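# Coordinate inspection notes
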Amino acid sequence: MSTSNPNPFLHDQAQLRTVVHELLSRARASGASDAVAEVSESSGLSVSVRLGELETIERTRDRSASIAVYKGSRRGFATTSDLSDSALQEAVSRALDLANHTAEDPFSALPDEDDLAHRTPDPALFYPWALTAERATEIALSAESAAREASPLIQNTEGASVYSHHSHFFLANTRDFEGGYAHSRHGFWVAPIARQADYMQRDDWSSSGRDPSGLADPEAVGRYAAQRALSRLGARAIPTGTYPVLFDAPIAAGLVSSLARALSGGALYRKASFLVDSLGTQVFPDHINLEDNPFVEKGIGSVPFDEEGVRVQRRQIIRDGVVEGYFLSTYSARKLGMRTTGNSGGSHNLVLTSRLTNPSDQLPQMLRKLHTGLFVTEVMGQGVNGLTGDYSRGVFGYWVNCGEIVHPVEEVTIAGNLRDMFRGVVALGADAYVQGSRATGSLLIDRMTIAGC
């Protein structure tokens with residue numbers, strides 16, 4: 001897709017830096033022992049269509065400033081969208097007032113200076129798109145039209161949408177950290193509905209990324225979304241039983257997210273995770289590895305420093321099936337008696353791999369490895385208990401027999417426990433797919449309970 005290099009912002013980095021340092025100066029002058037301030041600005045365009053007609057055009061432009069002040073171990077926080085001198089002073093005063101009335105917390109303080117990122121090169125995450133509402137409409141209509149033209153059985157859709165979002169920010173604290181950068185994210189989505197007699201099925205597909213030149217062809221996305229919807233026609237339930245389950249790559253990414261939440265500092269120090277005290281514990285078979293990489297080119301989870309200004313690092317979270325690391329902010333690390341890992345704001349780009357994966361392990365080969373069982377392509381509901389690891393989701397998928405898809409499956413629920421599911425990973429496909437900041441291939445689990453008819 002064609003791009004150009006417009007400036008979508010009203011302020012530049014130098015102006016944001018000036019506001020940040022003004023906030024810090026006022027906080028110091030007003031009695032704060034420490035402070036951290038951030039100013040951000042964003043702009044966006046979103047367009048949606050349905051059945052060949054334009055439905056909505058939405059333009060957004062936001063800016064905000066925040067100040068967190070410390071008075072010893074007391075913390076106060078305030079925000080404002082007004083960058084005038086009086087508004088900045090009012091925000092500082094409100095933050096200090098909150099600090100005066102907040103209980104002391106010995107773990108609440110800025111990061112140690114040794115942990116801060118003192119060199120912050122441009123991470124190259126900003127790819128502006130001079131997208132007009134007219135061009136966005138054309139893209140959405142093209143994707144939807146391709147889906148509708150794929151088959152006479154597709155006469156309706158839930159629509160198609162296109163979006164473009166640009167942001168930048170500047171962050172600094174009173175311990176000599178400062179840094180900021182711009183970033184972007186663009187994409188589009190289409191959801192066709194297939195109908196046969198009185199029976200309907202819908203599915204969707206999308207393309208997104210930081211760089212608009214890397215987006216997929218809208219017509220190809222529309223046709224693929226149509227194929228997915230059409231393949232769901234004739235779905236039926238299957239008998240209750242215990243079977244192997246193959247998760248499609250985009251759905252497997254959700255299991256990676258569940259793992260990341262269980263290994264996050266907030267859940268760990270609250271004892272709200274089934275993986276409390278799991279460092280050094282075998283949670284996957286020894287062929288599985290998970291890496292957290294903040295330096296992936298154009299990665300959605302890529303950053304030069306975390307939300308506190310702490311330096312980030314490429315780390316093995318799971319090595320040979322064993323937990324080697326958590327995702328810790330300064331606060332959660334102190335609560336656990338550990339050191340920050342540069343994960344304030346969460347994990348970065350997570351990549352799940354297996355030493356057993358061969359280049360030939362694309363989806364057809366993974367279906368052969370499944371042999372007889374359920375291939376899951378959609379999950380529904382919120383049935384994941386982070387405290388116990390219990391997992392229960394309604395799913396849509398396909399029944400597979402002798403490595404071949406037999407028929408689509410609906411109105412079934414799969415259940416298990418994440419501990420058993422992770423330990424039961426038999427194979428990981430070479431059909432790697434990036435879902436946001438999660439990358440994995442299709443994932444085969446040896447057995448799960450399936451509640452059907």
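This report concerns the structure included in the present document.

## Regarding the overall build of the protein
A count of helical and extended segments in the protein gives nine helices and 19 strands. The globule rule puts the C-alpha radius of gyration for 453 residues at 22 Å, and the 24 Å found for the protein is close to it. For the C-alpha atoms alone, the extent of the protein along its principal axes is close to 70 × 55 × 40 Å. Sorting the 453 residues of the protein into buried and exposed places 51% on the buried side. Partitioning the intrachain contacts of the protein with sequence separation of at least 6 by distance along the chain shows that 71% fall at a separation of at least 24.

## Observations concerning the packing of helix H3 (residues 133–149) against helix H4 (residues 218–231)
Between H3 and H4, whose axes approach to 7 Å, the crossing angle comes to 35 degrees. Here H3 runs over H4; the crossing is right-handed. Each of Ile 139, Ser 142, Ala 143, Ala 146 and Ala 147 in H3 lies in contact with H4, whose residues at this interface are Pro 218, Glu 219, Gly 222, Arg 223 and Ala 226. Here the residues of the contact of H3 with H4 are counted per class, giving six nonpolar, two polar and two charged.

## What to know about the sheet that holds strand S17 (residues 433–435)
By way of backbone hydrogen bonds, the strands of a sheet pair with one another, either parallel or antiparallel. Pairing is mixed across the open sheet formed by six strands, whose spatial order is S11-S10-S9-S12-S18-S17. Lying at the two open borders of the sheet, with one neighbouring strand each, are strand S11 (322–323) and S17. Note: strand S9 (residues 288–293) against strand S12 (residues 349–354), six bridges, orientation antiparallel. Note that in S12 the partner of Leu 290 across the bridge is Leu 352.

## Some details on helix H8 (residues 363–370)
Listing the buried residues of H8 in full gives Met 366, Leu 367 and Leu 370. Down the axis of H8, the buried set is contained in an arc of 105 degrees. They therefore lie on one face. Buried residues along H8 sit against strand S8 (241–247), strand S13 (373–380), strand S14 (390–401), strand S15 (404–417), strand S16 (425–428) and strand S19 (443–451). Note on H8: the residue one or two positions beyond its end, His 371, has a positive phi of about 65 degrees.

## What to know about the pairing of S12
Looking at chain direction, S12 and strand S18 (residues 438–440) are connected through two bridges and run parallel. Of the residues in S18, the one forming a bridge with Leu 350 is Arg 438.

## Observations regarding the nonpolar core
Core analysis: the largest hydrophobic core is formed by 45 residues, its most contacted members being Phe 247, Leu 374, Ile 414 and Leu 443. Per-element tally for this core: the top contributor is helix H5 (residues 249–262), with seven residues. With residues up to four places along the chain from it excluded, the contact list for Phe 247 reads Ala 252, Leu 255, Phe 375, Val 376, Tyr 391, Ile 414, Met 421, Ser 442, Leu 443, Ile 445 and Met 448.

## What about the pattern of salt bridges?
One pass over the structure, following the stated rule, counts 23 salt bridges. Between Glu 41 and Arg 61 there is a salt bridge, with the nearest N and O atoms lying 3.9 Å from each other. Of this pair, Glu 41 sits in strand S1 (residues 34–50) while Arg 61 sits in strand S2 (residues 53–71), and the two are 20 residues apart along the sequence. Of the residues examined, Arg 61 reaches a relative accessible area of 45% and is grouped as partly exposed. Among the ionic pairs, Asp 203 bridges to Arg 228, the shortest N-O distance being 3.3 Å. Residue Asp 203 is located in the loop between strand S6 (199–202) and strand S7 (205–209), and its partner Arg 228 is located in helix H4; the two are separated by 25 residues in the primary sequence. Like Arg 228, Asp 203 is buried. Within this structure, Asp 203, Arg 228, Arg 232 and Glu 378 form a network of salt bridges that share partners.

Criteria and thresholds
Residues numbered from 1 in each chain as written. Predicted model: local features only at pLDDT ≥ 70, side-chain atom pairs only at ≥ 80, totals over all residues. Heavy atoms only, no water. Helix = DSSP H or I, 4+ residues; strand = E, 2+ residues; numbered from the N terminus. Rg over C-alpha atoms; globule rule 2.2 N^0.38 Å. Buried < 20%, exposed > 50% of the residue type's maximum accessible area, 1.4 Å probe, protein only. Contact = heavy atoms within 4.5 Å. Axes fitted to C-alpha atoms, helices over the stretch in contact; angles between N-to-C directions. Left-handed = near helix turned anticlockwise from the far one by under 90°. Nonpolar A, V, L, I, M, F, W, Y, C, P; charged D, E, K, R; others polar. Pairing = 2+ DSSP bridges. Arc of directions from axis to C-beta. Core = buried A, V, L, I, M, F, W, Y, C linked by side-chain atoms within 4.5 Å. Salt bridge = Lys/Arg side-chain N within 4 Å of Asp/Glu carboxyl O.

Honestly, it's all geometry; don't read function into it.
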